[in-house]
Amino acid sequence: MASSHAGESCAAAAAEPECSISEEVLPDERMEHSQRLAVEELITTEASYVHNLQLCVSDVRAHLQEKQLPDLDLEGLFSNTDDILQVSRRFLEGLEATANQESEQLLCISALFQEFKEEMETVYKIYCASYEHALLLVESYRKDPRLQEEILETLKTIVPHTGASDLSFFLVIPVQRITRYPLLLQKILENTPASASAYLALRSALSAMAEVNTNINEYKRRKEVATKYNKTEHLTLRDRFARLNTHSIAKKTTRLSRLFMHETGIASKTEDKEYDDLEEKFQCVASSVTALKENVVSYLKHLEVFLLSTPHKHELQIDEGTAQQYRRFAECLHRSVLPERRLDRLVCQPLCSLSDMLVGPQQLVKKRLDKLLDYEEIQERKSEMGSVTYDEEAAMNTYLAINALLMAELPRFNQVALQLLGQILCSLTVLQQDLATQVLQEMPHSHMPLPSFWKMMEDTLQQSGAQLRTFCQKFETVMPSPVSQPLNPAEERKVLSLVSRHGPDKLYQVTSNISGNKDLDLTLQRGQIVALLQSADTKGNTSRWLVDAGGPRGFVPAGKLQPYCPVQSQQPGMQMTALECETERRRHSYALPEAPKPQVSTFTPAFQVVAGFSFAARSPQEVSIQAGQPVLLLEPHDKKGSKEWSLVDVNGQKGYVPSSYLVTVPVQEPLGWSLPV
């Protein structure tokens, strides 16, 4: 009996270690089982996702496209679902292939997420940024009974098994999927021991997908900011005045003040060489598109005027010769040009579309400058006070968002715009070559060798030029020389003021109308006289000059300025030579395009600045003057803009003197000079 009890106690003692071992093994088995289920969930849900996406693209969208509903914006609804489907298919193939890698499956899954990270971010950020717009379209279609009926009929006919009652059922699928990847990876990671070889790889994959979602949200926020400032508003003058309030006026005043401080060098501005290069390229593309559009419009107008004459439609008795050749040429040109609409389809329409594409980025570039001025102002306030308000923090974030979006999008935009512009130019060139080939075949010299053709053209042009010069000479001998008209008092005072401040060698005249389209650009009329302040802008661009227009100062294109040359008028009783006739004939100060730039003639202003009182210099920045001594006024203010001190030149020595010590006295105007109109 005792032996039996002893045997039972030994068996019980032997069973105790076995129970503790099973208790230790079960948690590991449960973790491994949960891990396997999590991996299966990742693969099966991905397969279901790709299947639904395929239904959305191949069935639903295709069926709606076949209906050709005019008010249905399929591109706005489905965005880039084709790209997402292509990436997801390849990703699913990679996931299914990991099933054969039993021991290395987790490592393969982690590597697969790292491999597809950039592609997923690229395609999903575009879709998620346009998702809100797609929902707005769906909401608008619900209010249209006809469209809503067509959409419901498509869903019930094509995908009845999904139970979808609206397009939003399919549109939300990509948004849900990209946000679910981190959750699925987190579930796998939680059921993976920290000592496992795939643990670090899984954690890295989880971080990568979390970063993808963060970047998508940031891109979506930037796009929302861009959309807000890209809206084109056609406001009347009354609407603009209605928007004015104390806050907006103060904000615009602060921006203008800071911009002026930048341009004058009083305050340093934020330097961003990379962005400046991108903006310069963009502005170059924009100006090229504008110039090409203007040239094409001008070409079409000239062509239309030329085609107004239709001698081939009239029964005229014209002898064989130049007139008959022109008649045949006009007939051929009408036959070749009028039925041909390729110019409109291949050049005009794409060019107008490209021009419209530039409006949004141009508004965003301009808004970035405004927000940069706000950003710098807030940064200064933050450095002084140590903190900023919530609205100021939001304004800083707005600038950062716009700047980041432009830095990301402008390179690609510039590249695409240049490609489109090149294709338009190629199309225009080919069309002109085709037109020339068709028309020149009708001309008598179409089969003439090329050297002979050029020789004939050169002789013809020289003969025409000689005839024109002879006509001009005869015309000048018959017609009296025009009489110079004096300036009105206001214009004369402005010119004399510019001469007294800057000297006659700094005066330039505007050769054609200038319309300022950038900040600090001036709008000037042809013939206006300005003074050159600096032959480059703040970025060192020598094709954009800083000038003084007799009040406002700003930038103008250097190519539309030429040195101002006062014209010498004829004295009474003086016989004019041929050269004087030529000078008198060109009474205005514009030079012909082929003529060299005229030398600047100096003249004495009608008023002179002299010292009214004696002044003794007290510092190296000042200069001594004697009462009655003539001085040359360089600037009527000091470097800070104060008009209490003036910068003058006294016998070659420059310095400051009190402005109240200077007086302006009239001088005798030299004979034989008059100001041009």
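Residues numbered from 1 in each chain as written. Predicted model: local features only at pLDDT ≥ 70, side-chain atom pairs only at ≥ 80, totals over all residues. Heavy atoms only, no water.

Colleague: I would appreciate a short explanation of the overall build of the protein chain in the present structure.
Modeller: For the protein chain, the helix and strand inventory stands at 18 helices and 12 strands. The contacts of the protein chain with a sequence gap of at least 6 include a subset with a gap of at least 24, amounting to 69%. Within the structure as shown, the protein chain displays about 41200 Å² of accessible surface, and the carbon and sulfur contribution to it stands at 55%. (Helix = DSSP H or I, 4+ residues; strand = E, 2+ residues; numbered from the N terminus. Contact = heavy atoms within 4.5 Å. Areas by Shrake-Rupley, 256 points an atom, 1.4 Å probe, with all protein chains shown as cover.)

Colleague: Sorry if this is basic, but what is going on with helix α3 (residues 81-97) here?
Modeller: Residue pairs three or four apart in sequence face the same way in an α-helix, which turns once every 3.6 residues. Taking 1.5 Å of rise per residue, 17 residues should cover 24 Å, and α3 covers 24 Å from first to last C-alpha, within 8% of that figure. Along α3, the residues classified as buried are T81, I84, L85, V87, S88, F91, L92, G94 and L95. (Expected span 1.5 Å × (residues − 1). Buried < 20%, exposed > 50% of the residue type's maximum accessible area, 1.4 Å probe, protein only.)

Colleague: Sorry, what's going on with the pattern of salt bridges here?
Modeller: Two side chains bearing opposite charge may form a pair once their charged atoms approach each other closely. Counted according to the given criterion, the structure contains 24 salt bridges. In this structure, R553 and E635 form a salt bridge, with 3.8 Å as the shortest nitrogen-oxygen distance. Of this pair, R553 sits in strand β4 (residues 553-557) while E635 sits in strand β8 (residues 632-635); the two residues are 82 residues apart in sequence, bridging distant segments of the chain. Overall, the relative accessible area of 36% leaves R553 in the partly exposed class. Residues joined in a network through salt bridges with shared partners are R501, D548, R553 and E635. (Salt bridge = Lys/Arg side-chain N within 4 Å of Asp/Glu carboxyl O.)

Colleague: When you look at a nonpolar patch on the surface in this model, what are you seeing that I'm missing?
Modeller: On the surface, L450, W454, M456 and M457 cluster together into a nonpolar patch covering about 400 Å² of accessible area. Relative to the elements of secondary structure, L450 occurs in helix α16 (residues 450-478). (Patch = residues over 30% accessible without salt bridge, like charges linked within 9 Å, V, L, I, M, F, W, Y side chains within 5 Å.)

Colleague: How should the sheet that holds strand β9 (residues 645-650) be read in this particular structure?
Modeller: Sheet strands associate in pairs through backbone hydrogen bonding, adopting either a parallel or an antiparallel arrangement. The 3 strands are arranged β8-β9-β10 in an open sheet whose pairing can be described as antiparallel. The open sheet has two free edges, formed respectively by β8 and β10 (653-658), since each of these has just one partner strand. Pairs of neighbouring strands in the sheet enclose a mean axial angle of 40 degrees, with direction left out of account. Both β8 and β9 contribute to a ladder of 3 bridges, which runs antiparallel. Counterpart to E635 in the pairing with β9 is L647. (Pairing = 2+ DSSP bridges. Axes fitted to C-alpha atoms, helices over the stretch in contact; angles between N-to-C directions.)

Colleague: Looking at this structure, how should I read the sheet that holds strand β3 (residues 544-548)?
Modeller: Read from one edge to the other, the open sheet built from 5 strands follows the order β4-β3-β2-β1-β5, with strand pairing classed as antiparallel. Two strands close off the open sheet at either side, each with one partner strand: β4 and β5 (561-563). Strand-to-strand twist of the sheet, defined as the mean angle between neighbouring strand axes without regard to direction, takes the value 50 degrees. Here strand β1 (residues 507-510) pairs with strand β2 (residues 529-534) via 3 bridges, running antiparallel. Its bridge partner lying in β2, Y508 is registered against V530.

Colleague: Whenever I open this one, the packing of helix α4 (residues 105-142) against helix α7 (residues 173-190) confuses me. Can you help?
Modeller: Between two packed helices, the angle of one axis relative to the other and the distance separating the axes together describe the packing. Here α4 crosses α7 at 155 degrees, and the two axes come no closer than 9 Å. One way to sum up the angle between α4 and α7 is to call them roughly antiparallel. Read as a crossing pair, α4 and α7 show a hand that is left-handed. Packed against α4, whose contacting residues are L106, F113, M120, Y124, Y127, C128 and Y131, the element α7 presents P174, V175, R177, I178, Y181, L185 and I188 at the interface. Of the residues assigned to the contact of α4 with α7, the class counts are 13 nonpolar, no polar and 1 charged. (Parallel < 35°, antiparallel > 145°, perpendicular 65-115°, else oblique. Left-handed = near helix turned anticlockwise from the far one by under 90°. Nonpolar A, V, L, I, M, F, W, Y, C, P; charged D, E, K, R; others polar.)

Colleague: Just checking my understanding: could you explain the confidence of the model for the protein chain for this structure?
Modeller: Interpreting fine coordinate detail is not advised for predicted regions of low pLDDT. Overall, the predicted model of the protein chain reaches an average pLDDT of 79, with 80% of residues at or above 70. Long-range and interchain partners of residues 1-25, a stretch whose pLDDT sits below 50, account for 0 contacts in this model, where long-range means more than four residues apart. (pLDDT = per-residue confidence, 0-100.)

Colleague: Would you mind showing me how to read the packing of helix α13 (residues 342-357) against helix α14 (residues 359-385) here?
Modeller: The interhelical angle for the contact between α13 and α14, taken along N-to-C directions, is 20 degrees, at an axis separation of 4 Å. On the basis of the axis angle, α13 is roughly parallel to α14. Taken together, the residues of α14 that come into contact with α13 (itself represented by S355, D356 and M357) are V359, G360 and P361. Across the contact of α13 with α14, the residue classes break down as 3 nonpolar, 2 polar and 1 charged.

Colleague: Teacher, can you tell me more about α4 here?
Modeller: With 38 residues, α4 extends only 46 Å from end C-alpha to end C-alpha; this falls clearly short of the ideal 56 Å at 1.5 Å per step. The sharpest bend along α4 comes to roughly 50 degrees, located at F116. (Bend = angle between axes of the 7 residues up to and from the residue.)

Colleague: Can you walk me through unusual backbone geometry in this structure?
Modeller: Note: most peptide bonds trans; most residues except glycine with negative phi. Although it is not a glycine, Q68 adopts a positive phi angle of roughly 55 degrees. Within the element layout of this structure, Q68 appears in the loop between α1 (2-67) and α2 (74-78). By relative accessible area, Q68 is classed as exposed at 67%.

Colleague: Where do I start with the state of the cysteines in this structure?
Modeller: Every disulfide links exactly two cysteines, by a covalent bond between their sulfur atoms. Tallied over the full model, the rule gives 0 disulfides. In this structure C352 is a free cysteine whose sulfur lies 6.5 Å from that of C348, the closest cysteine sulfur available. A residue is classified by how much of its surface remains accessible, and C352, at 33% relative accessible area, is partly exposed. (Disulfide = S-S within 2.5 Å.)

Colleague: Can you walk me through a positive patch on the surface in this structure?
Modeller: On the surface, K228, K251, K252 and K366 cluster together into a positively charged patch. Tracing the backbone through its elements, the reader meets K251 in helix α10 (residues 246-264). Looking at K251, the relative accessible area reads 32%, which means it is partly exposed. (Lys, Arg positive; Asp, Glu negative; His and termini not counted. Charge placed at Lys NZ, Arg CZ, Asp CG, Glu CD.)

Colleague: What exactly am I supposed to notice about the packing of aromatic side chains here?
Modeller: Pairs of aromatic rings are described using the distance from one ring centre to the other and the angle between the two planes. Following the criterion strictly, the structure yields 12 aromatic pairs and no others. For the pair F91 and F116, a centre-to-centre distance of 5.4 Å together with 70 degrees between the ring planes defines the contact as edge-to-face. Placement of F91 in helix α3 and of F116 in helix α4 is noted, with a sequence separation of 25 residues between them. As far as the burial class goes, F91 and F116 line up, both buried. Ring geometry for F613 versus Y661: centroids 5.8 Å apart, planes at 70 degrees, classification edge-to-face. Taken together, the residues F613 in the loop between β7 (607-611) and β8 and Y661 in the loop between β10 and β11 (662-666) connect sequence positions 48 residues apart. According to the relative accessible area criterion, Y661 is partly exposed, its value standing at 27%. (Phe/Tyr/Trp six-rings, centres within 6.5 Å; stacked < 30°, edge-to-face > 60°.)

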